[in-house]
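Report on the structure
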Amino acid sequence: MSPDLLNDARSRLASARAITVLTGAGISADSGVPTFRGADGLWRNFRAEELATPEAFERDPRLVWEWYSWRRELIATKQPNDAHRAIAALESRINDFWLITQNVDGLHRAAGSTKLSEIHGNIWMLRCTACDAVTKNYQVPLPLLPNCARCGGLLRPHIVWFGESLQEEDLTRCANQLQACDVLLVIGTSGVVYPAAGFASIAKEAGAYVIELNLDPTPQSDLVDIALRGRAKDLVPILLQAGK
Ligand code: BJW
Ligand code: ZN
């Protein structure tokens, strides 16, 4: 990658007054969390599209819970990396900052980010399928079919599955931040899952300078202003270094 590209991206970020960051599984891959669509993304040969649906949970809650229990146990052993930490540090330097993450692993919060929307939910939050109560739960391993302490109903992960709507509050916040930012930085997402897959073009149309950072090209690579190729944990700290 040419040093000019990296320098252009750095100076855009350094002079921006409003920055929005969108992250996907690639940023946590550097902490050892498997991505969804990478070589290591399959669990027992199932794709996320087959397990992360309300229909799959209705049909076989045990199977879906086995997948989540496996992921919870894996994620519990992982730590935020330098990319998560550089984003958390940026939040304290920029007044108008927002982080939009598709990740459910909680690693951005663990790194200290507070101005964020976890638009697909959080794997450490559970929701009752009967009374809708939402609770935090860090227990690993969980009982295979966990029950609600209030009403005894079956609990599910408080995560947005395919075909389910994102929280209205998150959608509004994202729309506002995408409209208002001078720079949108898109890190480690394959850009195939909507609505997040549309965020780069929304920001671009609203006049933002859009920087993509990914190991590979994505469907958005042609519309962004700069596409950087590399690992999040190496490039994000360089991109977001304080000063010029
Ligand atoms: C690195 C790296 C390193 C690796 N450094 N980079 C419009 C058109 C078509 C369909 C739809 C549409 N609007 C809605 C839909 C339906 C659906 C959808 O998008 N389907 C598509 C698959 C076509 N969307 C929905 O259903 C959403 N709901 C919704 O829109 O409601 C309204 C509605 C419903 C129905 C119809 C119309 C409207 C909800 C989507 C929820 C998705 N949730 C999941 C699963 C959650 C379960 C869980 O986590 O437990 O969220 S799907 C899964 O994919 C997960 C992820 O957050 C999401 C995105 O994946 P991500 O982060 O991009 O990961 P990967 O693995 O795909 O990519 C990793 C990338 O990192 C790669 O590019 C690597 O190169 C890179 N990388 N290592 C830098 N070290
Ligand atoms: Zn309940």
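Structure shown above.
Predicted model, so just to flag it, every value in this text is computed and none were measured.

Here the focus is the sheet that holds strand β2 (residues 96-101). In space, the six strands of this open sheet follow the order β3-β2-β1-β7-β8-β9, with parallel pairing throughout. One side of each edge strand has no neighbouring strand; the edge strands of this open sheet are β3 (116-118) and β9 (226-229). For this sheet the average axis-to-axis angle between neighbouring strands, irrespective of direction, equals 15 degrees. With six bridges joining them, strand β1 (residues 18-23) and β2 adopt parallel strand pairing. Considered in β2, the bridge of Thr20 is made with Trp98.

The next thing to look at is the coordination of the zinc ion (ligand 2). Within the first shell, the zinc ion (ligand 2) binds the protein through Cys128 (SG), Cys131 (SG), Cys148 (SG) and Cys151 (SG), at distances of 2.3 to 2.4 Å. Coordination geometry of the zinc ion (ligand 2): the four donor atoms subtend angles of 99 to 117 degrees at the metal centre, consistent with an arrangement described as tetrahedral. By relative accessible area, which is 42% here, Cys151 ends up partly exposed.

What counts, and at which threshold
Residues numbered from 1 in each chain as written. Chains lettered and ligands numbered in written order. Predicted model: local features only at pLDDT ≥ 70, side-chain atom pairs only at ≥ 80, totals over all residues. Heavy atoms only, no water. Pairing = 2+ DSSP bridges. Helix = DSSP H or I, 4+ residues; strand = E, 2+ residues; numbered from the N terminus. Axes fitted to C-alpha atoms, helices over the stretch in contact; angles between N-to-C directions. Donors = N, O, S within 2.8 Å, 3.2 Å for Na, K, Ca; no water. Tetrahedral: all angles 85-135°; square planar, octahedral: opposite > 155°, others 65-115°. Buried < 20%, exposed > 50% of the residue type's maximum accessible area, 1.4 Å probe, protein only.

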